[in-house]
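# Remarks on the overall topology
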Amino acid sequence: MGAPHIVIGGGLSGLAAAIRLARFGEPVVIIEQHNRLGGLNSYYTRNGRLYETGLHAISNFAPRKQRHAPLNKLLKQLQLSRDDLSICEQLRSEIHFPGTEPLLFSNDFSLLRDTIDDVFPHALAGFDRLVQRLDHHDPFAPAPFTATREILSSFLNDQQLIEMLLCPLLFYGSSWQDDIDFNQFTILFRAIYQDGFFRPAGTIKDLLDLLTETLIERGATIITGTGVEHLRVVDDRVESVILENGEELDCNIVISTIGSDETRRLAGKNIDKTDIVRLSFFESIFTVDSTGKTAVSKDATCIFFCRQNRLRYRKPNTPVDLKSGVISLPDNFSGREAGTMRDVRITHLANYQQWFDARAASASSYDDLKAAYARKSARVAEAYVGSFFEAITYQDSFTPLTVQRYTGKIEGAVYGSPNKHTDGACGFANMFLAGTDQGYLGIIGAMLSGVLMVNRHILPKLAK
Amino acid sequence: MTRAEIRDLIIEIIKDIDDEAQFDDVSPDEPLRDQLDLDSMDFLDIVMELRKRHKLQIPEEDYPQLATLNSCVNYLEPLLHNA
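Residues numbered from 1 in each chain as written. Chains lettered and ligands numbered in written order. Predicted model: local features only at pLDDT ≥ 70, side-chain atom pairs only at ≥ 80, totals over all residues.

The next thing to look at is the sheet that holds strand β1 (residues 5–8) of chain A. Residue and element names in this part refer to chain A. A sheet is described by the order of its strands in space; here 6 strands give the open sequence β9-β2-β1-β13-β20-β19, paired in mixed fashion. Each edge of the open sheet carries a strand with a single partner, namely β9 (221–224) and β19 (425–428). Ignoring which end each strand starts from, the neighbouring axes of this sheet average 20° apart. Pairing of strand β2 (residues 28–32) with β9 involves 4 bridges; the strand directions are parallel. Note on β9: the bridge partner recorded for glutamate 32 is threonine 224. (Pairing = 2+ DSSP bridges. Helix = DSSP H or I, 4+ residues; strand = E, 2+ residues; numbered from the N terminus. Axes fitted to C-alpha atoms, helices over the stretch in contact; angles between N-to-C directions.)

What follows is the structure, encoded as structure tokens:
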């Protein structure tokens, strides 16, 4: 048998790509720099309790009977059973802006429409026309960047509604500042509003374990705990992959999930556009003892909020932008039993450089800044989820530096570069991108990205 | 392989890809795509399974020849006559 295909990055897109290859008996090696798989969606344990990183809610929920929905398509392509996922649907999610009633949405699209009818009755007809337009739009057809705000203004005669509808979509998938490409908007609108949220009954570890077992069963090789040091390139071909531990692996085709610039760096290429803005986040997790005098919401799954009328989804000039954010309540999914300890996770936009500078100054100034912003973030969130500050038993925060350290994403940009490569091409004859910088986002999107890039660039070209 | 065996092979592969596929009413000269609600990703799976099981190399330009049950058998018969 010839040299194996190599998948760089053991996040969800890489795992899906490797499973797809192994399904047809192709030799495949997947390389993850950390000891644990999962990339952006992994976990760690503290005080005997498992904490998920990354995961708030998985978008693209679909009932079993919708055969061509992304979720069911993905399971079929990977030959995984839907029952193994033990799906729990969201209760409902909320969008809060000042001076107006919140918008609500769930996995039943009519809830969003009904609350728009209540809060913005004058805009309902326009909203219906927008949905019609989106239903007829093919977001996968190649197109130049088309600004979404301008299109929304032609359908919706209320700026506040536009801001509110954009808020969850930007926070859950935009690598662009303030606006979003209309194709990406369409994909996210479907994934979040029309399909909705779910999560595994247990933790992300269950999904990662399932994918790992599937890989091992199908004969794939998993390398963890050592990253790729560099790629040996001759002309436009990757000849071999050199690991940080010194090992050199010959390769057939390479799928890289670590980002486009990150990949080019490994191949010794220059990165031209250093002026692009990469968006990163600050997230805090609070574990709250709910037996005391706390009132953490038991109804909301995700709460998106903005404390000013116009959403500023851009890199802030302060370490953290407390004016907007997302609160995730992972216990509030149907069929999940919350114990006495409940988790509250809060995410805000952040400024990588300011965290970098704090860290460069001293470890204690970085830690102090983290603690101060975690405290402020909790106080901001209490206005939306109910008071919990006095009942916090454990807390932890991730800065853009944390994300960069654990995922390798430049500047900790979880949604990658604003420049996407939807065809997966990255300038090499035998290496293709999947995952974040290919452009499909979210857990289901990332996994489909891995599958589709294998389908497109490897499977049809295999020799006998 | 006989024509009947090739036909059974195709049905077995499609059932592996989609365990809900119902062949009782499938007409052998109508497109499988419409009758079984298959898409291009499913057809790629059929091609890959044939490669895995019988070392068959089917070039992309020949994929349309797998459109119906009968066209599959016609196309595969010479390729599998020693199998």
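Bringing the pairing of β2 of chain A into the picture now. All names here are of chain A. Within β2, 4 of the 5 residues are buried, which leaves it mostly tucked inside the rest of the structure. In this structure, β1 lies alongside β2, joined through 4 bridges in parallel fashion. Directly across from isoleucine 8, in β2, lies its bridge partner isoleucine 31. For the segment spanning β1, helix α1 (residues 12–23) and β2, crossover handedness is right-handed. (Buried ≥ 20, exposed ≤ 12 C-beta atoms within 10 Å, placed from the backbone. Right-handed = clockwise from strand over helix to strand, strands pointing away.)

Below, the discussion takes up the nonpolar core. Core analysis: the largest hydrophobic core is formed by 134 residues, its most contacted members being Ala17, Ala18 and Val344 of chain A. The greatest single-element share of this core, amounting to 9 residues, is contributed by helix α13 (residues 442–457) of chain A. In this view, valine 344 of chain A contacts Phe286, Val288, Val296, Ile327, Leu329, Ala381, Val385 and Phe388 of chain A; residues no more than four positions away in its chain are not counted. Among the nonpolar cores identified, the runner-up in size contains 15 residues, and Ile6, Ile14, Leu44 and Val73 of chain B belong to it. (Core = buried A, V, L, I, M, F, W, Y, C linked by C-beta atoms within 7 Å. Contact = placed C-beta atoms within 7 Å.)

Moving on to α1 of chain A. Residues and elements named next belong to chain A. Here α1 contains 12 residues, and its C-alpha end-to-end distance of 16 Å stays within 8% of the 16 Å for a straight helix at 1.5 Å per residue. Of all the 12 residues making up α1, 12 are buried; the element is thus mostly covered by neighbouring parts of the structure. All of the buried residues along α1 are Leu12, Ser13, Gly14, Leu15, Ala16, Ala17, Ala18, Ile19, Arg20, Leu21, Ala22 and Arg23. Contact partners of the buried residues in α1: β1, β2, α2 (70–78), α8 (204–217), β13 (254–256) and α13. Glycine 25 sits one or two residues past α1 and shows a positive phi near 75°. (Expected span 1.5 Å × (residues − 1).)

A separate point is the domain arrangement of chain A. Residue and element names in this part refer to chain A. Here chain A is described as being made up of domain 1 (5–80 + 202–273 + 419–461), domain 2 (107–196) and domain 3 (277–410). With 13 residues of domain 1 at the interface, the matching set in domain 3 holds 12 residues. When its residues are assigned to classes, the side of domain 1 that touches domain 3 shows 4 nonpolar, 6 polar and 3 charged. (Domains from an automatic or database assignment. Nonpolar A, V, L, I, M, F, W, Y, C, P; charged D, E, K, R; others polar.)

Turning to the sheet that holds strand β6 (residues 92–96) of chain A, a few remarks are in order. Residues and elements named next belong to chain A. Spatial strand order, β7-β6-β15-β16-β17-β14-β18: 7 strands in an open sheet with mixed pairing. With one partner strand each, in any of the chains shown, β7 (103–105) and β18 (392–398) form the two edges of the open sheet. Adjacent strand axes in the sheet meet at a mean angle of 15°, parallel and antiparallel pairs treated alike. As defined by bridge partners, strand β15 (residues 300–306) adjoins strand β16 (residues 324–328) across 5 bridges and the pair is classed as antiparallel. Within β16, the position partnered with isoleucine 303 by the bridge is isoleucine 327. In the packing of helix α3 (residues 109–119) onto the sheet, contacts are made with β6 and β7, and the angle to β7 comes to roughly 165°.

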